[in-house]
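# Working through the structure, step by step
Here is how the chains run, residue by residue.
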Amino acid sequence: LLGTVSIIYLLFDMIVAPVTRLQGGLERMREKDFGVRLPVDRSDEFGMLASGFNQMADRLQSVYGNLEQMVSTKTYALEQQNRELALLYDSAAFLQQPQAAKEMCEGFMQRISGYFHADGGSVRVLDPNQGNVHMLVHHGISNALIEAEHCMKVGDCLCGEAVVKRVAVVHDLRRIDDGHKLQCHREGFTTVSVFHIYAQRQHLGFFNLHFRKPTTFNARETALLETLGQLLGTAIENQRLAAREREMAISEERNLVAQ
């Protein structure tokens, strides 16, 4: 009897108790209690099993804890992509409509300013023959700034430098030594961005976004603005080609009448 009782006690302590603890841990984990851990006080197979259970619980707790954050991040990324696609589609559809260049640029600036929450902006067209940059449309800037930069030489001011370099730049006026001398800085703008307008590798001009709060653009936003600049450039070039075709048609008609 004593031997039987001793054997039962040993079996319970060596086999039944570890299995019972493991079963209890699984039940708690089934109820999403990922903080459960089993004591590892043995070096045999049951100790290895308890250690593996704890590692699995650590992994599940980490994944489940970050799941909500991962879903939120992914949802935000999808929302941003949908907003970008909506802006591209809306801008492309608007630029394809037959309209004057000024109205087209005004609608373009209205869309991107609303998307990026810009406090001001302008579209400037390059005159390669005279070497000048003309401000075609503008909003959110004062008459003094419009008068000062309505027509300027390539290379003048920050925008003119961007035309020479032909790269998109974002100027933080607080970090420029002579920033206080710039009219846009005196009007309270802290960030001025310059993005170019291209059509088939032909530089047609650029557009500005003015911000009163410090603003930066990530790689996705920069690529989006560059793509929008290409869409605007293509629309402007199509208008110029259509105007040349009309001029050619009128010239041919006049020649025919003269003959």
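Report on the accompanying structure.

## Some words on the nonpolar core
Membership of the largest hydrophobic core comes to 27 residues, with the highest contact counts inside it found for F207, L209 and L232. At the level of elements, α2 (45–95), α3 (101–116), β5 (191–199), β6 (202–211) and α7 (219–258) are the ones that each hand at least two residues to this core. Looking at this core, the element that brings in the most residues is α3, giving seven residues. Formed by nine residues, the second largest nonpolar core is a distinct cluster that contains M135, L145, I146 and L173.

## Observations concerning the sheet that holds strand β4 (residues 169–172)
If you walk across this open sheet you meet the six strands as β3-β2-β1-β6-β5-β4, and the pairing is antiparallel. If you trace the sheet from one side to the other, it starts and ends with β3 (151–153) and β4, each paired once. For this sheet the average axis-to-axis angle between neighbouring strands, irrespective of direction, equals 25 degrees. Both β4 and β5 contribute to a ladder of four bridges, which runs antiparallel. Paired with H171 across the two strands is V192, which belongs to β5. Strand contacts of α7: β1 (120–127), β5 and β6, with the helix running at about 45 degrees to β5, the strand carrying the most contacts.

Cut-offs used in this document
Residues numbered from 1 in each chain as written. Predicted model: local features only at pLDDT ≥ 70, side-chain atom pairs only at ≥ 80, totals over all residues. Heavy atoms only, no water. Core = buried A, V, L, I, M, F, W, Y, C linked by side-chain atoms within 4.5 Å. Buried < 20%, exposed > 50% of the residue type's maximum accessible area, 1.4 Å probe, protein only. Helix = DSSP H or I, 4+ residues; strand = E, 2+ residues; numbered from the N terminus. Pairing = 2+ DSSP bridges. Axes fitted to C-alpha atoms, helices over the stretch in contact; angles between N-to-C directions. Contact = heavy atoms within 4.5 Å.

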